[in-house]
Amino acid sequence: MRAVLMAGGSGTRLRPLTCDLPKPMVPILNRPIAEHIINLLKQHNITEIIATLYYLPDAMRDYFQDGSDFGVQITYAVEEDQPLGTAGCVKNVDELLDDTFLVISGDSVMDFDLTAAIAFHKRQGAKATLVLARVPNPFEFGVVITNAEGRIQRFLEKPSTSEIFSDTVNTGTYILEPEVLPYLPKNQESDFSKDLFPLLLAKNEPMYGFVADSYWCDVGHLTAYRDAQYDALNRKVALCLGYYNEIAPGLWVGQNTVIAPDAHIQPPALIGDNCRIGPRAVIGSGTVIGDNVTVGSDADIKRPIIWNGSLVGEEAHLRACVIGRGARVNRRSHVLEGAVVGSLSTVGEEAQITPEVRIWPSKKIEPGATLNMNLIWGQVGRRNLFGQRGVSGLANVDITPEFAVRLGAAFGSTLRPGAKVTVSRDQRSISRMVTRSLIAGLMSAGVDVQNLQATAIPIARVFIASLQDVEGGIHVRIQPGRPDHILIEFFSQNGIDLPKAREKKIEGAYFKEDFRRVSIQEIGNMGYSGQDQIVDIYSKSFERCLNVGAIRNSKSKVVLDYAYSVSGAVLPHLLSKFSCDAVVLNASLSQVMPGSQDREILLSQLGHVVEALNANFGVQVSAHGEQLILVDEAGRLVRGEMLTALLAHVMLTTRPRGTIVVPVNASGAVEQIARRHDAAIIRTKANPTALMEAVHRNANVVLGGSGDIGFIFPELHPGFDAMFCIAKLIELLTIQERSLGQLRSELPNVTHRKITVRCPWMVKGALMRYMVETHVDQVLDLTDGVKIIDPMDSDRWVLVLPDAGEPIVHLYANSGDREWVDNELKKYRNIVHDVVEQEEGLENQIPQSE
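Residue numbering note: each chain is counted from 1, following its sequence as written. Given that this is a predicted model, residues contribute local features only at a pLDDT of at least 70 and side-chain atom pairs are listed and counted only at 80 or more, while totals for whole chains, interfaces and linings are drawn from all residues. Excluded from the side-chain calculation are hydrogens and water; included are all heavy atoms of the structure.

1. Points about the sheet that holds strand S37 (residues 391-394)
For step 1, the next point in the chain: Two strands make a pair as long as DSSP finds a minimum of two bridges between them. Every helix listed is a DSSP run of H or I at least four residues long, and every strand listed is a run of E at least two residues long, numbered separately from the N terminus. In spatial order, the strands read S37-S41-S40-S38-S39-S42; together these 6 strands make up an open sheet with mixed pairing. Here the strands that pair on one side only, and so sit at the sheet edges, are S37 and strand S42 (526-528). Here the strands of the sheet are splayed against their neighbours by 20° on average, with no regard to which way each runs.
For step 2, the next point in the chain: Two strands pair when backbone bridges link them, and strand S39 (residues 448-454) and S42 are joined in this way by 3 bridges, in the parallel orientation. Within the sheet, the bridge partner assigned to Gln450 lies in S42 and is Gly527.
For step 3, the next point in the chain: With respect to the sheet, helix H7 (residues 401-413) is in contact with S37, strand S38 (420-425), strand S40 (473-478) and strand S41 (485-491), its orientation differing from that of S41 by roughly 10°. Working convention: axes come from line fits to C-alpha atoms, limited for helices to the stretch in contact. Angles between N-to-C directions cover 0 to 180 degrees. Whether two residues touch is decided by their heavy atoms; if any such pair falls within 4.5 Å, the residues are in contact.

This is how it looks when you write it as structure tokens:
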């Protein structure tokens, strides 16, 4: 007897497991479903098999080849043009079926007594015999009712609740005579249950049902897939496990597998060939581990199904989930009940995949992320869409055209239909590509776009604020300090970064895919603003906020290093109007933006040029016109906290009793400078948005920002602007008749240091609580993180600041005493280590639910 194995199914309800694998090749106990079916056929002396294929046919052909390695002979019939259905694919091979034959589904797990079913068929003289099974929930199957002799009286495919008349269902296994094949059309899609069997009933052909008192499971969805694995482990279905050794009752282990002596394994469980099980790993009953799998030390896994070639990191937690081929679940991450991690995907350290979430193949979940919705499109499962500043990611890997279209649609969906936004970028081709995709997404949501093309951020901010009908803007650029990353920033109608509440709305629309799709007539329009118009508006605002006479009288010579930034085309022109000699370095737009090491080389060269030309000072402009580093007349660098203090000093000298806005982690030198000038200091959260909002919100602010983020001059606009900072510095140095070197010598002597310490995401909250609870006798500032201020000396403080993007905390110490700073940093580093160790120990002691 020959058998037709229907193996063409794509298994859409098993996605993402079947994205790159046909359903019959999905593994049960580390072997494809089709292999178990072939073993069953062979047990009943059926060794001639015709496999009908459609979806990814090479997967099955490459695995089984001619079948000789499995003790059978396999012939393949591929449906090339279109799927022909369950009956149509059999009709397609009718020339090979000249005697009684068996049809069996390739996506079910069973241990039917096929010999008894065939004998029943012949004894009854049937033209068609359906192998039936009794199930508690027949709604998803074809329901069959038979008489006392087994002849089928009624048949209904997948009935509704009101149509149920039996719990006996069709299993997709049939014994047929060749005489039924003429009832089927040639080269047309047809189905046994919907077409052939109702026709046979109508023709009164002898059609019988054999009720099998055996195991049967249609692996039609993920729950059934997991149940079939657990049933097989518990020997509820007789599947062959001869390819592994049963080293203990209910524990099967493959060859060359190494299990640490102190690993704990609770049967029944199966571990494949060439696996490595680490020290103290806990493997619960019901676990199936494929070949070439590594399970790290202290991992806690209960009832997962792990496919071949996967890696489970140290202290990872898996619960009744499926881990696809070659996937990587990193250290301390959690994959919970019913979740699926697709093949070749990566779950980052300390990430959590919530129950029933599905991750499609080749995705990446960021460290610390909590994924609570399916990840189908895009490459990255993000912890948040927005970071400390805007949306960033690897160029053309994380930030792709597809991603940008969806992000643009999400932003547009939070605006009213017909709203207008500006879009600008730096000069890089990758930024142009991303910008065009964002524009497409915005227009699809019915938003009009004013394209500013390649424009420096400070200029774009001023231009946005000058327009009356614009509700916001987007700027795309290479991320400062990360030349392989793209940064997408969103502006409000006054040109500052969007507040966090608006960012959350965009995130919500993006993650929920709640995009507004307008009709053809409502699609947004796009217009262009000329560069001359944009620069002219900026130049007028620029000049209006400066003492142009003082700058002209200074006859200053300034060396400008643009480090291959687009802003180089604007500032030299502006300074030349003020009779300043601007010597420009590295303004070519054809060069790749330098990395951090190359930037240091450029700074050294800048210092030499300043000295050689006897210039007043030098400046390296970066971050597309937002940030700068100064070089004084002696070639010495002025950067970071020193730059913050110097600009605060020079501004307050001219405008005493003003207000300076700085981030909470800035050096305490600014408070000492403020006291000299009877000025006020406002400290904000350590992010650019908080600085811009504080400058915009508070009166009498003369300067905002820091050397690491950039500086804001609210008289121009409440955004960071290195170009205006340079011109303002020339003005103030001229009026005060001092050099940068002299200003530098007048700064307070303050030691301000920072170290970074590892702190898992799950421990950050406990660490902050500990810092608050154990420092009740000291002054605390909770603006951002926990700042512990010495009650006897407000200039001595330690700041514990959790990082917004990584599982780390930053420790800052500030004092006039260097030794005190060093000792406090050591002390608090040890505190962080102790809290982390204690919290991780508690977590490991908490009982985990099955």
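Back to the write-up after that little detour.
2. Some words on the side chain of Thr18
For step 1, the next point in the chain: Inspection of the secondary structure puts Thr18 in the loop between strand S1 (2-6) and strand S2 (27-28).
For step 2, the next point in the chain: In this scheme, a residue with accessible area under 20% of its type's maximum is buried, one over 50% is exposed, and one in between is partly exposed, where area comes from a 1.4 Å probe on protein chains only. With relative accessibility at 0%, the residue Thr18 sits in the buried group.
For step 3, the next point in the chain: Counted as a polar contact is a pair of N or O atoms within 3.5 Å, where, for protein atoms, one must be capable of donating a hydrogen and the other of accepting one, and residues adjacent in sequence contribute only when both atoms are in side chains. A distance of 3.2 Å separates polar atoms of two side chains, one belonging to Thr18 and the other to Arg15.

3. Notes on the nonpolar core
For step 1, the next point in the chain: To define a nonpolar core, start from buried Ala, Val, Leu, Ile, Met, Phe, Trp, Tyr and Cys residues and group those joined through side-chain atoms within 4.5 Å. With 65 residues, the main nonpolar core has Leu5, Leu29, Leu41, Met60 and Tyr225 as its most contacted residues.
For step 2, the next point in the chain: By size, the runner-up hydrophobic cluster in this structure holds 61 residues, among which are Val638, Leu646, Leu647 and Cys725.

4. Some details on the sheet that holds strand S50 (residues 701-706)
For step 1, the next point in the chain: Strand order across the open sheet formed by 5 strands is S49-S48-S50-S51-S52, with mixed pairing between neighbours. Each edge of the sheet is formed by a strand with only one pairing partner; in this case those strands are strand S49 (680-684) and strand S52 (717-720). Adjacent strand axes in the sheet meet at a mean angle of 15°, parallel and antiparallel pairs treated alike.
For step 2, the next point in the chain: Bridge count for strand S48 (residues 659-663) against S50 is 3 bridges, and the pairing is parallel.

5. Structural notes on the packing of aromatic side chains
For step 1, the next point in the chain: Think of it this way: a Phe, Tyr or Trp ring, Trp meaning its six-membered ring, pairs with another when their centres are within 6.5 Å, and the plane angle makes it stacked under 30 degrees, edge-to-face over 60, tilted otherwise. As enumerated under the stated definition, the model contains 15 aromatic pairs in all.
For step 2, the next point in the chain: Seen in terms of ring centroids, Tyr63 and Phe64 are 4.8 Å apart; in terms of plane orientation they differ by 75°. Their pairing is edge-to-face.
For step 3, the next point in the chain: Judged by relative accessible area, Tyr63 falls into the partly exposed class, the value being 33%.
For step 4, the next point in the chain: For Phe64, a relative accessible area of 2% puts it in the buried group.

6. Digging into the pairing of S40
For step 1, the next point in the chain: Counting buried positions along S40 yields 6 of 6 residues, so the element is predominantly enclosed.
For step 2, the next point in the chain: Bridge count between S38 and S40: 4 bridges; the pairing is parallel. What sits directly across from Val423, in S40, is Ile474.
For step 3, the next point in the chain: Where S40 lies against S41, 6 bridges are found, and the strand directions are antiparallel. In the sheet register, Val476 faces S41, and the bridge partner there is Ile488.
For step 4, the next point in the chain: The turn joining S40 and S41, which pair antiparallel and follow one another in sequence, is formed by 6 residues; a positive phi near 80° is taken by Gly481.

7. Focus: the environment of Val757
For step 1, the next point in the chain: For Val757, the position within the fold is in strand S53 (residues 751-758).
For step 2, the next point in the chain: Residue Val757 is classed as buried on the basis of its relative accessible area of 3%.
For step 3, the next point in the chain: It is 55 Å that separates the C-alpha atoms of Val757 and Ile37, two residues lying 720 residues apart in sequence.
For step 4, the next point in the chain: Contacts of Val757, omitting those with residues within four sequence positions, involve Ile808, Val809, Leu811, Arg829, Val832 and His833.

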